[in-house]
Amino acid sequence: MPSPPTNTSALLTTNSPQDSRALALSAWVTQQVPGISSPPALRCLGSDAGFRRYFRFDQGDQLLAVDAPPATEDTAQFIAIAGFIARQGVRSPRIIAADIHQGFLLVEDFGDQLLFNILTPDNADQLYKLAIENLLRLQGCPYEPALIPPYDRALLRRELEIFSDWFVHQLLGYTLAPHELAMLDNTFLQLENIALAQPQGFVHRDYHARNLILCSEGDLGVIDFQGALWGGITYDLVSLLRDCYLRWPAAQVKGWALEYYQQALAAGLIPVDTNQTLFMQWFDWLGLQRHIKVLGIFARLSLRDGKHGYLKDLPLVIRYTLEVAEGYTDLHAFANWFEAKLLPVAAQQPWYNNYETAGERE
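Note on numbering: residues in each chain are counted from 1, in written sequence order. Whole-chain, interface and lining totals are the exception, using all residues; otherwise, since this is a predicted model, local features are given only for residues with pLDDT of at least 70 and side-chain atom pairs are given and counted only at 80 or more. Only hydrogens and water are removed before side-chain values are computed, so all heavy atoms of the structure are retained for them.

Considerations on unusual backbone geometry
To keep it simple, the criterion reads: Secondary structure counts use DSSP, requiring at least four H or I residues in a row for a helix and at least two E residues in a row for a strand, with both numbered from the N terminus. Buried residues are those whose accessible area, probed at 1.4 Å on protein chains only, stays under 20% of the maximum for their type, while exposed residues exceed 50% and partly exposed ones sit between those limits.
Backbone geometry places R205, a non-glycine residue, at a positive phi of 90°. Structurally, the position occupied by R205 is in the loop between β7 (200–203) and β8 (212–214). On the basis of relative accessible area, R205 is assigned to the partly exposed category, the value being 22%. Even without glycine at this site, D224 takes up a positive phi of about 60°. If you trace the backbone, D224 turns up in the loop between β9 (220–222) and β10 (229–232). On the basis of relative accessible area, D224 is assigned to the buried category, the value being 6%.

Looking at the packing of aromatic side chains
Applied cut-off: Here the aromatic set is Phe, Tyr and Trp, taking the six-membered ring for Trp, and pairing holds for ring centres within 6.5 Å; pairs whose planes are under 30 degrees apart are stacked, those over 60 apart are edge-to-face, and all others are tilted.
Using the criterion set out here, one finds 23 aromatic pairs in the structure. Seen from their ring centres, Y151 and Y235 are 5.6 Å apart, and the 55° between their planes marks the pair as tilted. Of this pair, Y151 sits in the loop between α4 (124–138) and α5 (153–171) while Y235 sits in helix α7 (residues 235–241); the two residues are 84 residues apart in sequence, bridging distant segments of the chain. When its relative accessible area of 0% is taken as the criterion, Y235 is described as buried. On the numbers, 6.0 Å between centres and 45° between planes, the contact of F334 with W337 is tilted. Of the two residues, F334 and W337 both sit in helix α11 (residues 332–346), three residues apart, roughly one turn of that helix. For W337, a relative accessible area of 8% puts it in the buried group. Aromatic rings pair up to connect F163, F167, F334, W337 and F338 into one cluster.

Here we look at the side chain of Q198
We apply this condition: N or O atoms within 3.5 Å of each other form a polar contact, as long as, within protein, one can give a hydrogen and the other can take it, and as long as residues adjacent in sequence are counted only when both atoms are side-chain atoms. Throughout, a residue-residue contact means that at least one pair of heavy atoms, one from each residue, lies within 4.5 Å.
Structurally, Q198 is set in the loop between α6 (178–197) and β7. A polar side-chain atom of Q198 sits 3.2 Å from the main-chain amide nitrogen of I233. At a separation of 2.7 Å, a polar atom in the side chain of Q198 contacts the side chain of T234. Residues contacting Q198, with those up to four places away along its chain left out, are G232, I233, T234, W282 and L286.

What about the nonpolar core?
Rule in force here: As used in this record, nonpolar core signifies buried Ala, Val, Leu, Ile, Met, Phe, Trp, Tyr and Cys residues forming a set joined through side-chain atoms within 4.5 Å.
Counting residues in each nonpolar core, the largest one holds 102 residues, and the members touching the most others are F163, F167, F202, F279, F298, W337 and F338. Counting residues in hydrophobic clusters, the runner-up holds 15 residues, among them C44, A97, F104 and L106.

Section: α5
Which entries qualify depends on this criterion: Each helix should span, by expectation, one fewer than its residue count multiplied by 1.5 Å.
For α5, spanning 19 residues, the distance from its first C-alpha to its last is 26 Å, which sits close to the expected 27 Å at 1.5 Å a residue. Of the residues making up α5, those classed as buried are L155, L156, R157, E159, L160, I162, F163, S164, W166, F167, V168 and L171. Of the surrounding elements, those touching the buried residues of α5 are α6, β10, α9 (276–303), α10 (314–326) and α11. G173 occupies a position one or two residues after α5 and carries a positive phi of about 70°.

Some thoughts on the packing of helix α8 (residues 250–266) against α9
Helix-helix packing: each pair is described by the crossing angle between the helix axes and the interaxial distance. To keep it simple, the criterion reads: Every angle, taken between N-to-C directions, lies between 0 and 180 degrees, and every axis is a line fitted to C-alpha atoms, over only the stretch in contact when it is a helix. Angle categories: roughly parallel below 35 degrees, roughly antiparallel above 145, roughly perpendicular from 65 to 115, and oblique for all the rest. Here a crossing is taken to be left-handed if its near helix is turned anticlockwise relative to the far helix by less than a right angle, and right-handed if that turn runs clockwise. Three residue categories are used. Nonpolar comprises Ala, Val, Leu, Ile, Met, Phe, Trp, Tyr, Cys and Pro, charged comprises Asp, Glu, Lys and Arg, and polar comprises the others, including Gly.
Packing of α8 against α9 brings their axes to within 11 Å, and their N-to-C directions diverge by 115°. Considering the angle they form, α8 stands roughly perpendicular to α9. Crossing geometry of α8 relative to α9 is assigned as right-handed. Taken together, the residues of α9 that come into contact with α8 (itself represented by V253, K254, A257, L258, Y260, Y261 and Q262) are Q276, F279, M280 and F283. The residue inventory of the contact of α8 with α9, partitioned by class, reads eight nonpolar, two polar and one charged.

Concerning α4
Residues spaced three or four apart along an α-helix point in a common direction, a consequence of the helix completing one turn every 3.6 residues. Between its first and last C-alpha, α4 extends 21 Å over 15 residues, near the 21 Å set by a 1.5 Å rise per residue. For α4, every residue scored as buried is listed here: A124, L127, Y128, L130, A131, I132, N134, L135, L136 and L138.

Focus: the pattern of salt bridges
What counts is decided by this rule: By definition, a salt bridge exists where a carboxyl oxygen of Asp or Glu is found within 4 Å of a side-chain nitrogen of Lys or Arg.
Evaluation of the coordinates by the stated rule reveals 23 salt bridges. Residues R56 and D112 are paired through a salt bridge, measuring 2.7 Å at the closest nitrogen-oxygen approach. Within this pair, whereas R56 is found in strand β3 (residues 53–56), its partner D112 is found in the loop between β6 (104–108) and α3 (115–118), the two being separated by 56 residues in sequence. Relative accessible area serves as the criterion here: at 15%, R56 is assigned to the buried category. A relative accessible area of 32% places D112 in the partly exposed class. The partner of E192 in a salt bridge is R153, with the nearest N and O atoms 3.1 Å apart. Here E192 is found in helix α6, whereas its partner R153 is found in helix α5, with 39 residues between them in sequence.

Written out as structure tokens, the structure is:
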């Protein structure tokens, strides 16, 4: 779940001899920015869940240097989708310069006002209204399959299996029996069916408070969109409202979701005969697909990539997962199994805290 660092005040100078990519990026910046005669010191803002890093530097007012290693990051796709969504009236970072071969970018700096850092109970309605307005613009994008691949059943299943492999097997050390594999297969099939049955549109895939920035002009900057797909219309909405990094009261989330529902109906994004009950099932079940996947992704980020900070967010994702699964009869087998088999093992992990209160504000 790529997202930029939440504490952008903690800057590190990383152009050390040991950091060859930062040194090469610094030399490249010198060639792109007029008035810089020698490679500038790059101050790292941090990295995301992938391998992309962001840097500020002197004489680079309102600019970010980006290191996106080509072995893992698709810079060409980032540039293409940045332009695509900008044409729909969504503010993406302007690309000042790019070297796709090296994986270097010079882009507009939206500043430090990540929604994650500035959201409060007092301003949440206003900021989520702005985020939903931007989401509706994104979902008005035309379908261009050569640029935006379909979020098909095969991909949905591969994502769900990240949970089985990385969270269940590798993080918890739990071995699935044949009857458990059959139960998971049935659960996953139901979630895939709901994802594919609802209207399809542009899916950012990480549309949440760490990837939305309130710009100085008062509009919303959107980042980290390079993995966009064409899929279920509620995916980004539930990513925003049931954020893996912060939680809002369930009644407030439902209210925001239904505000979106009314606007999406008016915009023709969902059929006029779609009632609220069906819409909320789309929202809940596609959100469950996302959260099951995220349990696996956060485990993988820790075990494979050494990014252990994501483990502290697992209890909140568990809470979302069980709240939805417990609310639908067809998902009770999954919920009961998770509570009986996985929770006792998870409770022994150093990252675990009571999922029932995870995300509560003090």
